[in-house]
Amino acid sequence: RERFLDKIERGTRLIPRLRQKAVSAPFSVAPPAWVSDPHFDLSYHVRWVRAAGDGSLQSLLEMAEPIAMQGFDRARPLWEFTVVEGLADGRAALIQKVHHSVTDGVGGMKLAMMLLDLERDPARADEPMPDAPVALPVSRWGLLLDGIAHEQRRQAGIARRALAQVRSAAGRPVDVLREAVEGAASLARLLAPTFEPLSPIMRDRSLSVRFGTVAVSLTDMKTAARKAEGRLNDAFVAAAAGGLRRYHERHDAPVGSLRMSMPINIREGAGEALAGNQFVPARFEVPVSTVDPVARMRQLRTLIRSQRDEPALAATEAIAGVLNRLPTSVTTSLFGSMLKGIDFVTSNVPGAPIPVYLAGAKLEANFAFGPLAGAAANLTLLSYQDELHIGVNTDPAAIPDTDVFMAAMHEGFEEVGKA
């Protein structure tokens, strides 16, 4: 425990966001600011519990579900770690709960790697503890002035980009007109409301979650993807689609396609900031009725590539800037109309290709459970060594028979892995 707490303490000093809380600026002149918590208390954010039930993975998931459903204390930094000791075979687990405003999936993995070691006992005994970030006092007037300065910088940046675009467009009016028409059409697709899910059975929604897991061979899935001239993500989505087809068939409710949401990573390189969200959401219909897994992967390869090339994805920052200034009720209503028709979410996050350790313990498996965000199910893939660990988050109002759903998912991934 002492070694673990030392590691987390060091992490919070090296990653300032872990000691910061979100504070709203007066009059909503700017998005909330990240401010260091002067009363940061590590003992609040790191909890210790004993395993329940038989100490199995299933009992661990059942412990994690109510933790996921509980809201954060917004007066504190938005993360909580729960160490579960006494699992079967002398194991322990770490349940990491992080608010999505802190970072996205890719950034979260980069943050996690700063807390992990590449060997069981690294030689760090003489390393001094880094200084804690200085928590400067912040007043409401200070936040207001910072918000105004933020808005001025933002508007200046918009003006510079607009001027550059005007200069670039001066000599090619026809191309500019075509790009404007394509951009408007793409923007309409991005913001179009979807009032009903396509699934005839996964329709109800609640505030509850149920967790399940799938583990498959990374080599098998990559080999299958190559057979379809595709990438790992094509095989992943095809396996999820195959599982959804089976689930609907078992309910005598076959369906041709379902609406999927998929985050598209826009991080450009290793120099990108770890914290914050750097992805744009894509929503589109995907075929699930294609029985042949290779043909399904080929369909999805073309479809997913077309979504990554949507012109409107480059405008999401400007759209967010407008939405940040609207009343919360308005933005909630808008996003609700956009998301309530989503059937499922998929997210693919690259993990560590080599063994990693935490406080002397070897990491055996790492499952990520992404937010439902209005969908019936979220499947998040996280690679580790030669395995793919898929965390399956479902809404029990939409999917009351979790065991049937998970059996269908296992079959969908097995089918693609054997392709």
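Sequence order as written defines residue numbering, which begins from 1 separately in each chain. Reporting of local features is limited, given that this is a predicted model, to residues whose pLDDT is at least 70; pairs of side-chain atoms are given and counted only at 80 or more, and all residues count toward the totals for whole chains, interfaces and linings. Excluding hydrogens and water, the side-chain figures rest on all heavy atoms present in the structure.

Enquirer: How do you make sense of the overall build of the chain when you look at a structure like this?
Expert: Per the convention used, a helix needs a DSSP run of H or I reaching at least four residues, while a strand needs a run of E reaching at least two, with both numbered from the N terminus. Across its full length, the chain holds twelve helices and 13 strands. Across the 419 residues in the chain, those meeting the buried criterion constitute 43%. Residue contacts are counted whenever heavy atoms from the two residues lie within 4.5 Å of one another. A sequence separation of at least 24 residues applies to 75% of the contacts in the chain between residues at least 6 apart. Here the chain displays about 21,500 Å² of accessible surface, and carbon together with sulfur accounts for 57% of that area. For each residue, the accessible area found with a 1.4 Å probe, counting protein chains only, is set against the maximum for its type, and the residue is called buried under 20%, exposed over 50%, and partly exposed in between. The protein chains shown are the only cover counted for residues, whose accessible areas, like all others here, come from Shrake-Rupley with a 1.4 Å probe.

Enquirer: Looking at this structure, how should I read the sheet that holds strand β5 (residues 93–98)?
Expert: At least two bridges found by DSSP between two strands is the condition for calling them paired. Ordered by their spatial adjacency, three strands build an open sheet running β3-β4-β5, and the pairing between neighbours is mixed. The open sheet has two edge strands with one neighbour each: β3 (46–50) and β5. Here the average twist between neighbouring strands, direction ignored, is 20°. Bridge analysis of β3 against strand β4 (residues 79–85) gives five bridges, and the strand direction is parallel. Residue pairing in the sheet places V49 in a bridge with V84 of β4. To obtain each axis, a line is fitted to C-alpha atoms, and for helices this fit is confined to the stretch in contact; angles are then taken between N-to-C directions over 0 to 180 degrees. Packed on one face of the sheet, helix α1 (residues 2–14) meets β3, β4 and β5 and runs near 155° to β3.

Enquirer: How should the side chain of T290 be read in this particular structure?
Expert: Here T290 lies in the loop between β8 (279–287) and α9 (293–308). Reaching out from T290, the side chain makes a polar contact with the side chain of Q299 at a distance of 2.7 Å. For this analysis, a polar contact is any N or O atom pair within 3.5 Å, provided that within protein one partner can donate a hydrogen and the other can accept it, and provided that sequence-adjacent residues contribute only side-chain to side-chain pairs.

Enquirer: Any chance you could explain the nonpolar core here in plain terms?
Expert: For soluble globular proteins, nonpolar side chains are generally found buried alongside one another. Grouping buried Ala, Val, Leu, Ile, Met, Phe, Trp, Tyr and Cys residues that are joined through side-chain atoms within 4.5 Å yields what is termed a nonpolar core. In terms of nonpolar packing, the biggest core is built from 47 residues, with M221, L379, I390, F405 and F413 touching the most fellow members. The element best represented in this core is helix α8 (residues 232–250), accounting for ten residues. Excluding anything up to four places from it in sequence, F405 contacts M202, L244, Y247, A377, V392, T394 and I399. Judged by nonpolar contacts, the second largest core, of 17 residues, contains I15, V46, W79 and Y384.

Enquirer: Got a minute to help me understand the packing of aromatic side chains in this structure?
Expert: The description of an aromatic ring pair rests on the distance of the ring centres and on the angle between the ring planes. Aromatic pairing here means that ring centres of Phe, Tyr or Trp (its six-membered ring) are within 6.5 Å. Orientation follows from the plane angle: under 30 degrees is stacked, over 60 is edge-to-face, and everything else is tilted. As enumerated under the stated definition, the model contains six aromatic pairs in all. With a centroid separation of 4.1 Å and 20° between ring planes, the pair formed by F211 and F369 is classed as stacked. Here F211, found in strand β6 (residues 210–217), pairs with F369, found in the loop between β11 (361–362) and β12 (377–384); they are 158 residues apart in sequence, far enough to count as distant. We classify F211 as buried; its relative accessible area is 8%. On the basis of relative accessibility, which here comes to 27%, the residue F369 falls in the partly exposed class.

Enquirer: I keep staring at helix α7 (residues 218–227) and nothing clicks. Help me out?
Expert: Given 3.6 residues per helical turn, the α-helix brings residues three or four places apart onto the same face. Along α7, the residues that are buried comprise L218, M221, A224 and A225. Here the buried residues of α7 occupy an arc of 130° about the axis, which is enough to place them on one side. Those residues of α7 that are buried lie in contact with β6, α8, α9, β13 (387–394) and α12 (402–417). The backbone nitrogen of T219 has a side-chain oxygen 3.3 Å away, supplied by the residue at the start of α7, namely S217. Taking the helix axis as origin, the arc is that swept by the directions to the C-beta atoms.

Function cannot be read off these values alone, since they describe shape.
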